[in-house]
Amino acid sequence: MNALPAPAASSRLRGELARFLLVGFTAVAIDFAVYRGLLWLALNVHPAKTAGYVAGAAFGYFANRAFTFRVGARWHPRELLGFLAVYAVALAANVAVNALALAVLGRGEIALALAFVAATGVSAAMNFIGLKLFVFGADAAPAAVTHAGAAAGDSAGARTTLSLVIPCYNEAANLPLLVARLRETFRDERVEAVLVDNGSSDDSPAVLARLLEGQSRIRSVRVEVNRGYGHGILAGLRAARGEVIGWTHADMQTDPFDALRGLQLFDADADPRRLFVKGRRHGRPLGDVAFTVGMSAFETVLLGRRMWDINAQPTLFPRAFFETWREPPQDFALDLYAYHQALHQGLRVQRFPVRFGERAHGHSHWNVNWRAKLRFIKRTVDFSLRLRRELRGRPA
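Residues numbered from 1 in each chain as written. Predicted model: local features only at pLDDT ≥ 70, side-chain atom pairs only at ≥ 80, totals over all residues. Heavy atoms only, no water.

Caption draft 1: Spotlight on the pairing of strand β6 (residues 315-318). Across the two faces of β6 the burial is the same, with T315 and F317 and L316 and P318 all buried. As judged from the four bridges shared by strand β4 (residues 244-247) and β6, these two strands associate in the antiparallel manner. Considered in β6, the bridge of V244 is made with P318. Alignment of strand β5 (residues 275-282) against β6, held across two bridges, turns out to be antiparallel. Bridging across to β6, K278 finds its partner in T315. (Buried < 20%, exposed > 50% of the residue type's maximum accessible area, 1.4 Å probe, protein only. Helix = DSSP H or I, 4+ residues; strand = E, 2+ residues; numbered from the N terminus. Pairing = 2+ DSSP bridges.)

Structural data, given as structure tokens:
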């Protein structure tokens, strides 16, 4: 199996810093709104500044944990204590710099803004260093964990078989690239790819027949009528032969080799029967990231479980877990269903970073524009509400 390249530490640091700044701008907006609102209500400047800072810090804790440093480990009280210690030191610096600047510049509108910027800049630098080194640093390098897990899996020998389902709807132009990549990477005897022709109306059937002739580890399943993205995946999962099964996309935005990286996490795990593995996307446009943040926050609040980057691929899990599913959705909500069921059943969710690039050919069947995204949101919200009602109706 191909060796996994270890990501450069500098690249990971740049990504963390960029995400920290995005979270920081949002936290600053919260901080400033609370601060100025309390000043308008005639509260003294230092209590107002403290209240604004605390409001921004509360947002920053959850956003930095899930988004900036992408902590995959279970929450531990010492993490919160470390966070509070870092923010307490930064808060003292923030208030001190703010007071010093106001003493020098006066209390005019420009002085208030300059003092705020100076105080925020100092505390932000202290926060990033503190969070990186003392709070989230131990869990902030999932790629390194993946690499270490891969080595452990190699030394333990081949243990688990994998079936990767790839739904294909009118992907005739992408299929040659996809199959070529699968032939290049799926060389291990214990892995197979199941390409689901999900009711395509283009030349996909003929293209698949030509490309897969003589292939033993790449095969296809035909769904005559397209009943949705999830329906095609479910058809492929039922035809899969592996102990670990799952899916990814056919459009080459994600590399099918990512599934082999995910498989190595099962190889290295002491109890792979209780493991749920999912990618975590990077390299996406800022608008798509904002959309993901909003949907993740909504589902976390609605369903009461922390969920992030719900539609990231690949998604991999034991066959026994799939056999517990009851009435899974037939559309794009299948990603949410699988993720939530894993959390609900107590599986250990392990994430690893995957590059998310541009489509090789064609266009997305849902992520076309904001109108299409709104339709996607409506369908997902409808399913989420139904899922919450079902959870509330279950006996304790």
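Caption draft 2: Region of interest: the sheet that holds β4. Judged by pairing direction, the sheet is mixed, and its seven strands sit side by side in the order β3-β2-β1-β4-β6-β5-β7 without closing on themselves. With partners counted over all chains shown, the strands left at the sheet margins are β3 (218-223) and β7 (348-355), one partner each. For this sheet, the mean angle separating the axes of adjacent strands, direction not counted, is 20 degrees. Along the sheet face, helix α7 (residues 204-211) touches β2 (191-198) and β3 and points at about 155 degrees away from the line of β2. Each of β1 (162-168), β2, β4, β5, β6 and β7 is contacted by helix α9 (residues 257-268), which is oriented at about 150 degrees to β7, the strand it contacts most. (Axes fitted to C-alpha atoms, helices over the stretch in contact; angles between N-to-C directions. Contact = heavy atoms within 4.5 Å.)

Caption draft 3: Quick look at the environment of R326. Among the structural elements, R326 can be located in the loop between α11 (319-322) and α12 (334-344). Looking at R326, its side chain comes within polar contact range of the main-chain oxygen of E323, at 3.1 Å. (Polar contact = N/O pair within 3.5 Å; in protein donor to acceptor, adjacent residues only side chain to side chain.)

Caption draft 4: Layout of the pairing of β1. Of all seven residues in β1, seven are buried; the element is thus mostly enclosed. Here β1 shows a buried face lined by L162, L164, I166 and C168 and a second buried face lined by S163, V165 and P167. With seven bridges connecting them, β1 and β2 associate as parallel partners. Opposite C168, over in β2, you have D197 as the bridge partner. Of the crossover connections in this fold, the one passing from β1 over helix α6 (residues 175-185) to the parallel β2 is right-handed. (Right-handed = clockwise from strand over helix to strand, strands pointing away.)

Just geometry here; none of it tells us what the structure is for.
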